[in-house]
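# Chains, contacts and geometry: an overview
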Amino acid sequence: GIGTFGYILFNNFRTILALSIFFIICFSKFNILYMQKTLQIKPNKSLTNLQIVFFLFVTGFLIAFIGIRFVLVGAWPILIFGIVEFLILVFCSYLYFNFAKRRERIILDQEEMKIQKLNDQEIEDDQSYNLHWSSLKNNKDNLSIHYAGKKNAFARFLSPHRRLKLKKIIERYKSRLS
């Protein structure tokens, strides 16, 4: 009757559920056993690109306006120095744009730690280290990982407090795997 059908359906449901959980744990890329963690590190940037361009536009307008007023009264060298000052400001902004594109990605796995140095979205350098055989050291201006007698510095643009915090995150991750 209905009781037998319900018992068979319930047992099959439990079996299907157990098999589903088993396959998720074994074959999923994101599961409890895999425990991958990705950390993105980027330089501090207080202004957006649009705000920097707006700042350059306003500064250029003011330098041109003040320079033209000085030309009208006969002090034309002021305009030349203002243009040179503005070109230096544009050059420094260009360097800052390129510096702000640099990033570092740290990928923590069960067995290894990858450090990828990125420029915009392009990977410039990709290093892998065994997580259990490497050690981290907080230096004066960077974090460094020591592995097989070699040293690789990373997180150079973080403040000392944030570098220490990053080191604790990585060491906490290592301790959970042990």
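In this report, the structure presented in the accompanying data block is examined. Note that this is a predicted model, so its numbers are computed, not measured.

A word on the pairing of strand β3 (residues 112-119). With 7 bridges joining them, strand β2 (residues 102-108) and β3 adopt antiparallel strand pairing. Across the sheet, Arg103 pairs through a bridge with Leu118, a residue of β3. The turn joining β2 and β3, which pair antiparallel and follow one another in sequence, is formed by 3 residues. As defined by bridge partners, β3 adjoins strand β4 (residues 122-130) across 8 bridges and the pair is classed as antiparallel. Looking across to β4, one finds that Asn119 is bridged to Glu122. Hairpin connection from β3 to β4: 2 residues lie between these consecutive antiparallel strands, with Asp120 at a positive phi of about 65°.

What the rule picks out here adds up to 3 aromatic pairs. Summarising the aromatic geometry, the rings of Phe99 and Phe157 are spaced 6.3 Å apart at their centres and angled 90° between planes, so their arrangement reads as edge-to-face. Placement of the pair is Phe99 in helix α3 (residues 77-100) and Phe157 in the loop between β7 (150-154) and α4 (160-177), with a sequence separation of 58 residues. Classification of Phe99 by relative accessible area gives partly exposed; the value is 32%.

Below, the discussion takes up the sheet that holds strand β5 (residues 135-138). Paired through backbone hydrogen bonds, the strands of a sheet run either parallel or antiparallel to each other. With antiparallel pairing, the 3 strands of this open sheet are ordered in space as β5-β6-β7. Looking at strand neighbours, the two that pair on one side only are β5 and β7, the edges of this open sheet. When the angles between neighbouring strand axes are averaged without regard to direction, this sheet yields 25°. Sheet analysis places strand β6 (residues 143-147) next to β7, joined by 5 bridges and oriented antiparallel. Note on β7: the bridge partner recorded for Leu143 is Phe154. Packing against the sheet, α4 makes contact with β5, β6 and β7, and its axis sits at approximately 165° to β5.

Rules behind the numbers
- Residues numbered from 1 in each chain as written.
- Predicted model: local features only at pLDDT ≥ 70, side-chain atom pairs only at ≥ 80, totals over all residues.
- Heavy atoms only, no water.
- Pairing = 2+ DSSP bridges.
- Helix = DSSP H or I, 4+ residues; strand = E, 2+ residues; numbered from the N terminus.
- Phe/Tyr/Trp six-rings, centres within 6.5 Å; stacked < 30°, edge-to-face > 60°.
- Buried < 20%, exposed > 50% of the residue type's maximum accessible area, 1.4 Å probe, protein only.
- Axes fitted to C-alpha atoms, helices over the stretch in contact; angles between N-to-C directions.
- Contact = heavy atoms within 4.5 Å.

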